Amino acid sequence: MAYSDKVIDHYNNPRNVGSLDKKDANVGTGLVGAPECGDVMKLQMKINPSTRVIEEAKFKTFGCGSAIASSSLATEWVRGKTVEEALAIKNTDIVRELSLPPVKIHCSVLAEDAIKAAISDWKHKAGEDAKTADATASHS
Amino acid sequence: MAIKLPIYFDNHATTPVDPRVVDAMLPYFNDKFGNAASRNHAFGWAAEEAVENARAQVAQLIGATPKEIVFTSGATESDNLAIKGVAEMYREKGNHIITQVTEHKAVLDTCKRLEKEGFEVTYLPVEKDGRINLDDLRRAITPKTILITIMYANNEIGVVQPVAEIGKIAKEKGVFFHSDGVQAVGKIPVDVQKDGIDLLSISAHKLYGPKGVGALYVRRKNPRVQLTAIIDGGGHERGMRSGTLNVTGIVGFGKACELCRVEMTEETAKLRALRDRLKESIMSKLDETFINGSMEHRLPHNINISFAYVEGESLLMGINDVAVSSGSACTSATLEPSYVLKALGVGEDLAHTSIRFGLGRFNTAEEVDYVASRVVETVSRLRELSPLYEMAKEGMDLSKMNWKTA
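Sequence positions are assigned chain by chain, starting from 1 and proceeding in written order. Ligands are numbered from 1 and chains lettered from A, in the order in which they are written. Given that this is a predicted model, residues contribute local features only at a pLDDT of at least 70 and side-chain atom pairs are listed and counted only at 80 or more, while totals for whole chains, interfaces and linings are drawn from all residues.

Draft legend 1. Molecular detail of the overall build of chain B. Every helix listed is a DSSP run of H or I at least four residues long, and every strand listed is a run of E at least two residues long, numbered separately from the N terminus. Along chain B, the regular secondary structure elements total 12 helices and 14 strands. Each radius of gyration reported is based on C-alpha atoms, and the globular scaling rule is 2.2 Å times the count of residues to the power 0.38. For chain B, the C-alpha radius of gyration of 22 Å lies close to 22 Å, the compact-globule estimate for 406 residues. Along the three orthogonal principal directions, the C-alpha set of chain B runs to about 75 × 55 × 35 Å. Counting other C-beta atoms within 10 Å of each residue's C-beta, where C-beta atoms are placed from the backbone, gives the exposure class: buried for 20 or more, exposed for 12 or fewer, partly exposed between. The proportion of buried residues among the 406 residues of chain B is 52%. For chain B, contacts bridging at least 24 residues in sequence account for 73% of all contacts bridging at least 6. Any two residues are considered in contact once their C-beta atoms, placed from the backbone, lie within 7 Å.

The structure is reproduced here in structure tokens:
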């Protein structure tokens, strides 16, 4: 199948690959997907508690090229945004930017979920929203 | 020698046509264009002679007699003709068919259709190594069983079934034995007498011949197999397969079979050495790689490896100047990972990470080295990108994670 130039670019030069310290109170971690489904995304953000600006974002993804590109793009987009602005990012924005075909839409959905999961985790740590404690996959 | 890109390592999907095969075919596109069924002029006679010569070449490759070869459009048609043809012809005798779960869809879907028409089908499981258990087979046979259809070698994992033993059991029980021989014929010795095969499907384009032509071997004695035709018409191929013969394709098919027969010993040794070189170069440099299916009972030119923590399609994207296939759901039309790997008990997580390498006649050691280095480099890079690899390295048990799916 043919990939768009932007997907290929993100695949070849992924932005912001890596990990942040998940124990840091200012770091929110989102881990979504499952190995059995062929996609797992880990998205982490370091958020300034006073300005609520996402100062740093890192990702690691197990998945196809479109999944890697979606999460790479997500890290680029959330950096410098406030938590509220980042929550407004929709999967359809990612689909449009990367020209994803219909069979790859789930990759963009996963990226949106990862953003939301990372922010929930940060909010939970900050005591803002206790009921989202399970938004991240937990080691049981 | 400089390597020409892209490199073709997908010889289970199809093989390039050998130039000697093309040469043999060309006259039959030009001066010798006759219809093999034209009995009253030289054009027809030349075509008929060419077809009969090819029939003998195909027969010789598998230890059959020429009259037992029925030309078809390919192995899918051969599988359909064998299974539906026996089912319909022997319906009075019984309605039970035995097959197994890693068959090609041409067999599985044909069996499924027959189930809708009142037949009963047993799908034998396979062991971890990809082979059926012969005791399972014995137990599955009933007085109603008319056909066992088990492939010679699998198209994804190259695992060779215990065909001669199956042939023996079938004969003992008086049940016909059909085998889809597409991946094996021309690659390893296949002998319908020694293997006790009553019906054998063959495809030309998997053995360096042209696409659009194949054959079904139909045993004529001990026992004689009769078939109900599925294509009616002019009564070609002794009534078993009507339709004007694809003379050009058949000539190429025959030549391809002859080349395979003459060169098999040498070619098998060469391909096994290349395959082992590929396997060693990759697996000695990467941890957590797993071979799918038996190494002992395997086609010499196949290897199927799972690269844990690296999704197959993203690996293919990274080695885009190499043609291989993946068991990843992302590369299939169904969005399900390989049913063959699942049948072996390979977890879905590992099924997504599998790559099939199929070597062929025209591959070289330089190509093997290039592919191995590209695979190692890409897997290493993608593992740096993989949260699963990181978690596994931290000592987490990924199978015990409570994954949240989207």
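Draft legend 2. Quick peek at the interface of chain B and chain A. At the interface, 25 residues of chain B touch 29 residues of chain A. Secondary-structure elements contributing two or more residues to the side of chain B that touches chain A are helix H8 (312-318), helix H10 (348-351), helix H12 (387-393) and strand S14 (401-402) of chain B. Here the side of chain B that touches chain A is built from residues that sort into 12 nonpolar, 6 polar and 7 charged. Lys, Arg, Asp and Glu make up the charged group, whereas Ala, Val, Leu, Ile, Met, Phe, Trp, Tyr, Cys and Pro make up the nonpolar group; the residues left over, Gly among them, are polar.

Draft legend 3. Examining the packing of helix H7 (residues 247-283) of chain B against helix H11 (residues 365-384) of chain B more closely. All names here are of chain B. Lines fitted to C-alpha atoms define the axes, with helix axes restricted to the stretch in contact, and inter-axis angles between N-to-C directions lie between 0 and 180 degrees. H11 packs onto H7 with a crossing angle of 25° between their chain directions and a minimal axis gap of 9 Å. What the angle tells us is that H7 and H11 run roughly parallel. The hand of the H7/H11 crossing is right-handed. Contacts between H7 and H11 pair Leu-274, Arg-277, Leu-278, Ser-281 and Ile-282 from the former with Ala-365, Val-368, Asp-369, Val-371, Ala-372, Val-375 and Val-376 from the latter. In the contact of H7 with H11, the residues fall into 9 nonpolar, 1 polar and 2 charged. We call two directions roughly parallel when the angle between them is under 35 degrees, roughly antiparallel when it is over 145, roughly perpendicular when it lies between 65 and 115, and oblique otherwise. Take the far helix as the reference: if the near one is turned anticlockwise from it by less than a right angle, the crossing is left-handed, and if turned clockwise, right-handed.

Draft legend 4. Broad picture of the sheet that holds strand S12 (residues 325-326) of chain B. Residues and elements named next belong to chain B. For two strands to pair, DSSP has to find at least two bridges joining them. The strand order across the open sheet formed by 4 strands is S9-S10-S13-S12, and the pairing between neighbours is antiparallel. If you trace the sheet from one side to the other, it starts and ends with strand S9 (289-291) and S12, each paired once. Bridge analysis of S9 against strand S10 (residues 302-307) gives 3 bridges, and the strand direction is antiparallel. Bridge pairing in S10 places Thr-289 opposite Phe-307. Against the sheet, H7 touches S9, S10 and strand S13 (354-358), its axis set at about 15° to S10.

Draft legend 5. Examining the nonpolar core more closely. Joined through C-beta atoms within 7 Å, a set of buried Ala, Val, Leu, Ile, Met, Phe, Trp, Tyr and Cys residues constitutes a nonpolar core. The biggest cluster of nonpolar side chains holds 156 residues, and the ones touching the most others in it are Ala74(A), Ala114(A) and Tyr217(B). The dominant element in this core, judged by the number of residues it contributes, is H7(B), at 12 residues. Apart from the residues within four sequence positions on either side, Tyr217(B) is in contact with Ile62(B), Ala64(B), Glu68(B), Ile69(B), Val192(B), Leu199(B) and Leu200(B).

Draft legend 6. Quick look at the environment of Arg138(B). The topology assignment puts Arg138(B) in helix H5 (residues 134-140). A C-alpha to C-alpha distance of 27 Å links Arg138(B) and Ala64(B), two positions 74 residues apart in sequence.

Draft legend 7. Seen up close, the pairing of strand S4 (residues 120-124) of chain B. All names here are of chain B. Alignment of strand S3 (residues 96-100) against S4, held across 5 bridges, turns out to be parallel. By the bridge assignment, Gln-100 is partnered in S4 with Leu-124. The handedness of a crossover follows from its direction of travel: if, with the strands pointing away from the viewer, the path from the first strand over the helix to the second runs clockwise, the crossover is right-handed. For the crossover from S3 across helix H4 (residues 105-116) to S4, the handedness is right-handed.

Draft legend 8. A look at unusual backbone geometry. Omega for the bond connecting Leu5(B) with Pro6(B) falls within 30 degrees of zero, at -5°, which places this linkage in the cis form. Relative to the elements of secondary structure, Pro6(B) occurs in the segment before strand S1 (7-8). In the Ramachandran plot, Asn16(A) falls in the positive-phi region, its phi being about 55° despite a non-glycine side chain. Its place among the elements puts Asn16(A) in the loop between helix H1 (5-12) and strand S1 (27-34).

Draft legend 9. Fine view of the packing of H1(A) against helix H2 (residues 65-78) of chain A. Residue and element names in this part refer to chain A. Contact geometry for H1 and H2: axes closest at 8 Å, N-to-C directions at 80°. Taken together, the axes of H1 and H2 are roughly perpendicular relative to one another. Here H1 contributes Lys-6, Val-7, His-10 and Tyr-11 to the contact with H2, which in turn contributes Gly-65, Ser-66, Ile-68, Ala-69, Ser-72 and Leu-73.

Draft legend 10. Fine view of the environment of Ser242(B). Residues and elements named next belong to chain B. Structurally, the position occupied by Ser-242 is in the loop between strand S8 (214-218) and H7. Classification of Ser-242 as partly exposed rests on a count of 14 C-beta atoms within 10 Å. Taking C-alpha positions, Ser-242 is 9.2 Å from Thr-72, a pair spaced 170 residues apart along the chain. If sequence neighbours within four positions are ignored, Ser-242 has contacts with Ala-229, Ile-231, Asp-232, Gly-233, Gly-234, Gly-235 and His-236.

Draft legend 11. Up close: the sheet that holds strand S2 (residues 39-47) of chain A. Residue and element names in this part refer to chain A. Strand order in this open sheet of 3 strands is S1-S2-S3, and the pairing throughout is antiparallel. Every interior strand has two partners, whereas the edge strands, S1 and strand S3 (54-62), have only one. Taken over all neighbouring pairs, the strand axes of this sheet differ in orientation by 10° on average, direction set aside. Against the sheet, H2 contacts S2 and S3, and its axis sits at roughly 175° relative to S3. Packed onto the sheet, helix H5 (residues 105-125) meets S1 and S2 and runs at close to 145° relative to S1.

Function cannot be read off these values alone, since they describe shape.
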